[in-house]
Amino acid sequence: MDIFLQQIINAISLGGIYALLALGLAVVFSIVSLINFAHGELMTVAGYGMFFAIAVSLPFPFALAAAVIFACAAALLTERFAFRPMRKADMTGLLLTSFAVSAILRVLFQNGISARSKAVPLPAELSGAIDLGFFHIGIVPLLSIVTTALSLWALTLFLRRTTLGKAMRAAAEDFQVLRLMGIKANRVIAVAFAVSGVLAGVAAVLWIAQRGSVDPLMGFVPVLKAFVAAVIGGLGSLSGAVAGGFALGILEVLFQAFLPEAALPFRDAFVLGFVILILIWRPDGLIPAPVSRRS
Amino acid sequence: MLEVSGLKVKYGEVEAVKGISLSVPRGSIVVLLGANGAGKSSTLNAIAGLVPATGKVTFEGELLSGQPAEDIVRRGISLTPEGRRVFPSLTVAENLHLGGAAHAAGEVLKGRIEAELERFPILRERYHQKAGLLSGGEQQMLAIARSLMAAPRLLLLDEPSLGLAPLIVDKVFDLITDLRSKGLTILLVEQNAERALEVSDHGFVLQSGQVVLQGTGPELVRSDLVKQAYLSE
Ligand SMILES: Nc1ncnc2c1ncn2[C@@H]1O[C@H](COP(=O)(O)OP(=O)(O)O)[C@@H](O)[C@H]1O
Ligand SMILES: [Mg+2]
């Protein structure tokens with residue numbers, strides 16, 4: 001019972017991180033048809049933001065804020081100086097741009113900061129567990145789940161209640177008509193990037209809380225997985241990204257827990273095999289994005 | 001009010017509009033007629049700033065050419081595009097809100113939404129439904145209401161009666177005359193030449209990107225070209 005519950009908690013907290021990252025990818029993809037492979041570097045930027053804030057002995061909450069602010073700023077800067085000039089390019093052009101941005105940022109981290117990983121010390125209170133009598137729950141996974149839930153709730157409110165949020169949903173369906181209403185395309189796109197940056201920042205904090213360090217390649221693996229999650233969910237669909245993120249997290253934890261010892265090194269192969277099965281069953285993903293019209 | 005001269009629209013090598021000139025006087029209804037592919041939508045889209053064009057477009061004496069769509073609607077020109085193009089997964093309320101959000105806020109915006117709900121009672125009934133679930137006629141009403149949220153002085157309507165049942169088509173044309181009587185100027189693109197010429201003051205006939213005929217409504221109804229090509233008698 002204890003182990004089973006533990007695995008469920010792990011699956012939800014890992015899935016939550018994938019969901020936040022996949023959402024960040026989906027928010028941008030749904031509006032500008034860009035699969036932003038530099039999304040992982042946003043995570044890394046957030047990680048270094050946290051590292052430096054702690055290094056100059058800012059209180060921990062400020063370090064958390066720094067992570068999110070750095071990632072959001074980096075997302076806006078890459079939009080303004082890399083993706084906006086390429087706005088007229090096709091999907092391949094945008095994809096290559098994002099590879100370039102990702103490579104440039106990685107080199108900057110490696111040469112400008114350090115190729116080796118930097119420890120990000122967390123407050124001691126976070127390392128414990130809460131005793132629920134029948135069951136111990138780790139503080140980090142618990143906070144991770146709560147943070148994911150709050151982030152999803154806040155994003156939903158933003159998308160449903162605010163003009164910019166509505167405009168983002170409309171832009172995913174018909175950007176040209178949105179421009180006819182007088183709503184500035186650049187503004188909506190910038191907001192989409194900002195949202196994806198914030199989500200990457202939150203995900204980075206949760207990721208670092210589990211491993212306690214940041215390095216130049218930190219974002220690569222989680223964002224690769226987030227991409228898989230976004231595809232499982234239905235590329236460009238926001239609720240799909242969330243569903244895909246949790247599905248992937250659950251699959252990983254399940255295979256980790258129940259594969260025989262000898263097969264464990266091949267866990268990701270099993271997971272991806274299962275993903276292929278899902279996609280054979282539902283080629284457009286779990287919750288496909290509505291077909292949008294673009295110019 | 002609107003003056004277009006030498007307007008050209010090119011899609012790659014294809015020249016869809018080959019230098020057309022037209023004018024829309026204040027308070028009038030002007031109709032563009034023409035077969036499929038004649039360049040009617042391209043003309044409206046070019047005026048609204050959605051597609052790049054060469055030539056000169058002036059509105060109330062100010063040069064519009066080269067401005068992006070976002071700015072042109074601020075000058076007082078709204079386009080209701082062909083095929084309605086409501087945002088299907090957004091509610092009626094959200095569609096209307098976005099129509100006005102760049103032009104008004106707070107009580108003014110609420111007032112405008114209320115005015116459109118008065119004009120189109122069916123939208124009040126459907127207010128919280130997703131636009132994609134409305135019937136074709138209801139979607140057309142929503143698309144027009146959404147354009148009106150910008151409080152334009154000139155409304156560009158691209159085939160508002162396309163694919164609608166006859167009863168709804170009547171409603172659309174009643175609406176067009178009603179809007180004009182309230183001071184709006186309208187540039188209308190229609191396949192339904194008979195009905196369009198009834199309500200309009202002036203018409204232009206387009207053929208492969210050029211104006212081949214123009215005149216008042218009655219003149220065009222009597223012309224052989226229009227009779228043969230667009231009227232069914
Ligand atoms: N986005 C586009 N890209 C390429 N060609 C287009 C595009 N839009 C329209 N065309 C072409 O331009 C011509 C005029 O089209 P359009 O303006 O839509 O005519 P109409 O509204 O009178 O039916 C047609 O030959 C059409 O195929
Ligand atoms: Mg057309």
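Residues numbered from 1 in each chain as written. Chains lettered and ligands numbered in written order. Predicted model: local features only at pLDDT ≥ 70, side-chain atom pairs only at ≥ 80, totals over all residues. Heavy atoms only, no water.

A. A look at the site of ligand 1. All names here are of chain B. If you check the shell around ligand 1, you find Tyr11, Ala16, Ala35, Asn36, Gly37, Ala38, Gly39, Lys40, Ser41 and Ser42 and nothing else. Within the backbone of Gly39, an N or O atom sits 3.0 Å from an oxygen atom of ligand 1. One nitrogen or oxygen atom from the side chain of Ser42 is found 2.5 Å from an oxygen atom belonging to ligand 1. When ligand 1 sits alone it has 560 Å² of accessible area, and the protein chains cover 58% of it. For the shell around ligand 1, the leading source of residues is helix H1 (residues 40-48), giving three residues. Tallied by class, residues from the shell around ligand 1 come to four nonpolar, five polar and one charged. (Near = heavy atom within 4 Å. Polar contact = N/O pair within 3.5 Å; in protein donor to acceptor, adjacent residues only side chain to side chain. Areas by Shrake-Rupley, 256 points an atom, 1.4 Å probe, with all protein chains shown as cover. Helix = DSSP H or I, 4+ residues; strand = E, 2+ residues; numbered from the N terminus. Nonpolar A, V, L, I, M, F, W, Y, C, P; charged D, E, K, R; others polar.)

B. Examining the interface of chain B and chain A more closely. Opposite the 24 residues of chain B that make contact, chain A presents 19 residues. Overall, the association of chain B and chain A removes approximately 2,100 Å² of surface from exposure, summing both partners, and the carbon and sulfur fraction of that is 56%. At the boundary of chain B with chain A, the tally comes to four salt bridges. Of the residues belonging to the side of chain B that touches chain A, the class tally is 13 nonpolar, five polar and six charged. (Contact = heavy atoms within 4.5 Å. Buried area = accessible area lost by both parts, 1.4 Å probe. Salt bridge = Lys/Arg side-chain N within 4 Å of Asp/Glu carboxyl O.)

C. Seen up close, the coordination of the magnesium ion (ligand 2). Residues and elements named next belong to chain B. Taken together, the protein ligands of the magnesium ion (ligand 2) are Ser41 (OG) and Glu82 (OE), with distances of 2.0 to 2.1 Å. Separated by 41 residues along the polypeptide, Ser41 in helix H1 and Glu82 in the loop between strand S6 (77-80) and helix H3 (92-101) bring together distant segments of the chain. Judged by its relative accessible area of 32%, Glu82 is partly exposed. (Donors = N, O, S within 2.8 Å, 3.2 Å for Na, K, Ca; no water. Buried < 20%, exposed > 50% of the residue type's maximum accessible area, 1.4 Å probe, protein only.)

D. Geometry of the pairing of strand S1 (residues 2-11) of chain B. All names here are of chain B. In this sheet, strand S4 (residues 54-59) lies alongside S1 in antiparallel orientation, the contact comprising five bridges. The partner of Leu2 across the bridge, within S4, is Phe59. Two strands pair when backbone bridges link them, and S1 and strand S2 (residues 14-24) are joined in this way by eight bridges, in the antiparallel orientation. Bridge assignment links Leu2 to a residue of S2, and that residue is Val24. The hairpin turn running from S1 into S2, its antiparallel successor, is two residues long, and Gly12 in that turn takes a positive phi close to 60°. (Pairing = 2+ DSSP bridges.)

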